[in-house]
Amino acid sequence: QVQLVESGGGLVQTGGSLRLSCVASGRDFSLYTIGWFRQAPGKEREFVAAISWSGRTTDYADSAKGRFTISRDDAKNTVYLQMNSLRAEDAAVYYCAADKSRHFGGTKPGEYDYWGQGTQVTVSS
């Protein structure tokens, strides 16, 4: 079992940056793939990025490539999502999620076992 808590969301202007954090409690955090998803009003939850349990493999949605960077610090039980060059369409509630299966490559919400409560990102023009 792992509990996830996101932070770092807020209001930012178009073109600005934010760094989201996902802090986990639980001793097996370093064994989990961690993903970031987002959900805008009226839309389905969508994959943003993921990092493998080893930290050596990452995956990004096309919309995030070149602008977002996912990283992890297992000593701090934390995964980060650095978001640069933010656009209006990036506005959403961002969630981190943990996949305990040790399989990497999941991009669907149903492939993840544990979820945080989300953090709001608002982008103003």
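What counts, and at which threshold
Residues numbered from 1 in each chain as written. Predicted model: local features only at pLDDT ≥ 70, side-chain atom pairs only at ≥ 80, totals over all residues. Heavy atoms only, no water. Core = buried A, V, L, I, M, F, W, Y, C linked by side-chain atoms within 4.5 Å. Buried < 20%, exposed > 50% of the residue type's maximum accessible area, 1.4 Å probe, protein only. Contact = heavy atoms within 4.5 Å. Helix = DSSP H or I, 4+ residues; strand = E, 2+ residues; numbered from the N terminus. Pairing = 2+ DSSP bridges. Polar contact = N/O pair within 3.5 Å; in protein donor to acceptor, adjacent residues only side chain to side chain. Salt bridge = Lys/Arg side-chain N within 4 Å of Asp/Glu carboxyl O. Phe/Tyr/Trp six-rings, centres within 6.5 Å; stacked < 30°, edge-to-face > 60°. Lys NZ or Arg CZ within 6 Å of the ring centre and 35° of its normal. Lys, Arg positive; Asp, Glu negative; His and termini not counted.

On to the nonpolar core, then. If you look at the biggest cluster of nonpolar residues, it comprises 30 residues, and the most contacted ones within it are Trp36, Leu81, Met83 and Tyr94. With residues near it in sequence (within four places) discarded, Leu81 still touches Leu18, Arg19, Leu20, Trp36, Val48, Ala49, Phe68, Thr69, Ile70 and Tyr94. One finds Phe47, Ala50, Ala61 and Tyr112 within the second-largest nonpolar core, a separate group that totals 6 residues.

Looking now at the pairing of strand β8 (residues 78-83). Residues in a regular strand point their side chains to alternate faces of the sheet. Burial within β8 is extensive, with 5 of its 6 residues counted as buried. Taken together, the 6 bridges between strand β3 (residues 18-25) and β8 define a ladder with antiparallel strand orientation. When the sheet's bridge partners are listed, Leu18 is paired in β8 with Met83. Hairpin connection from strand β7 (residues 68-73) to β8: 4 residues lie between these consecutive antiparallel strands, with Asn77 at a positive phi of about 50°.

With respect to the secondary-structure elements, Asp62 resides in the loop between β6 (58-60) and β7. With 17 residues separating them in the primary sequence, Asp62 and Arg45 have C-alpha atoms 15 Å apart. Among the polar contacts listed, one links the side chain of Asp62 to the side chain of Lys65, at a separation of 3.2 Å.

This part is about the environment of Leu81. Secondary-structure assignment places Leu81 in strand β8. Owing to a relative accessible area of 0%, Leu81 belongs among the buried residues under this scheme.

Turning next to the pattern of salt bridges. The final tally for this structure, using the stated rule, is 5 salt bridges. Arg38 serves as the salt-bridge partner of Glu46, at 2.6 Å between the closest nitrogen and oxygen. Given a relative accessible area of 38%, Glu46 falls into the partly exposed group. By relative accessible area, Arg38 is classed as buried at 6%. Notably, a salt bridge pairs Asp90 with Arg67, separated by 2.7 Å at the nearest N-O pair. A residue pair is termed long-range when its members are at least 10 positions apart, and Asp90 in the loop between β8 and β9 (92-99) and Arg67 in the loop between β6 and β7 qualify at 23 residues. The residues Asp90 and Arg67 share a single accessibility class, namely buried. Linked through salt bridges whose partners overlap, the residues forming this network are Arg38, Glu46, Arg67 and Asp90.

As a further point, take the packing of aromatic side chains. The description of an aromatic ring pair rests on the distance of the ring centres and on the angle between the ring planes. For the coordinates displayed, the defined rule picks out 6 aromatic pairs. Taking 6.1 Å as the distance between ring centres and 40° as the angle between the ring planes, the aromatic pair formed by Tyr32 and Tyr114 counts as tilted. Highlighted residues: Tyr32 in the loop between β3 and β4 (33-39) and Tyr114 in strand β10 (residues 114-115), separated in sequence by 82 residues. Here the two residues Tyr32 and Tyr114 agree in accessibility, since each one is buried. By the ring-pair criterion, three or more aromatic residues cluster together here, those being Phe37, Phe47, Tyr95, Tyr112 and Trp115. Looking at Arg45, its charged tip hangs above the ring of Tyr95, at a distance of 3.8 Å from the centre.

Once that is clear, we can look at the side chain of Asp99. Looking at the secondary structure, you find Asp99 in strand β9. Nearest to the buried, unbridged Asp99 among oppositely charged side chains is Lys100, at 8.4 Å. A distance of 2.8 Å separates a polar atom in the side chain of Asp99 from a polar atom in the side chain of Ser101. Residues within four places of Asp99 in sequence aside, it is in contact with Tyr32, Thr33, Glu111, Tyr112 and Asp113.

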